[in-house]
Amino acid sequence: MGQTMGMERARVSHELRTPLAVIKGALQMALRHPTQREKWIDMALRQTEVLERAISEIESQLPEGATLDEASRVVAIELG
């Protein structure tokens, strides 16, 4: 069970961190290249949609009534 939990944690981490990294990079590029700002902001906004879908998918897999914050505490205790 521990290995499965670790694999799931890695998958969730990847699904959340990847769009965050793209958002951060796109916003940095928007600051550095004002003439292309709209392009980079559009990219960041598209990635917020990816992130929203990933969070919704994760939440849909939680037990009924549980929140993402509660689940992260449970995982932290189990991995502790």
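Residues numbered from 1 in each chain as written. Predicted model: local features only at pLDDT ≥ 70, side-chain atom pairs only at ≥ 80, totals over all residues. Heavy atoms only, no water.

### Here we look at the overall build of the chain
Check the secondary structure of the chain and you find three helices and zero strands. For the chain, buried positions account for 16% of its 80 residues. For the chain, the proportion of contacts with a sequence separation of at least 24, taken over those separated by at least 6, is 60%. Counting only carbon and sulfur atoms, one obtains 59% of the accessible surface of the chain, whose full area is about 6200 Å². (Helix = DSSP H or I, 4+ residues; strand = E, 2+ residues; numbered from the N terminus. Buried < 20%, exposed > 50% of the residue type's maximum accessible area, 1.4 Å probe, protein only. Contact = heavy atoms within 4.5 Å. Areas by Shrake-Rupley, 256 points an atom, 1.4 Å probe, with all protein chains shown as cover.)

### A look at the pattern of salt bridges
Evaluated as defined, the whole model comprises three salt bridges. With its nearest N and O atoms 3.5 Å apart, the salt bridge here joins Arg11 to Glu57. Taken as a pair, Arg11 in helix α1 (residues 2-32) and Glu57 in helix α2 (residues 37-60) lie far apart in primary sequence, 46 residues in all. In the salt-bridge network here, residues are joined through shared partners; they are Glu8, Arg11, Glu15 and Glu57. (Salt bridge = Lys/Arg side-chain N within 4 Å of Asp/Glu carboxyl O.)

### Considering α2
Taking 1.5 Å per residue, 24 residues should reach 34 Å; α2 reaches 35 Å between its end C-alpha atoms and fits that length. Taken together, the buried positions of α2 are Trp40, Ala44, Gln47, Leu51, Ala54 and Ile58. (Expected span 1.5 Å × (residues − 1).)

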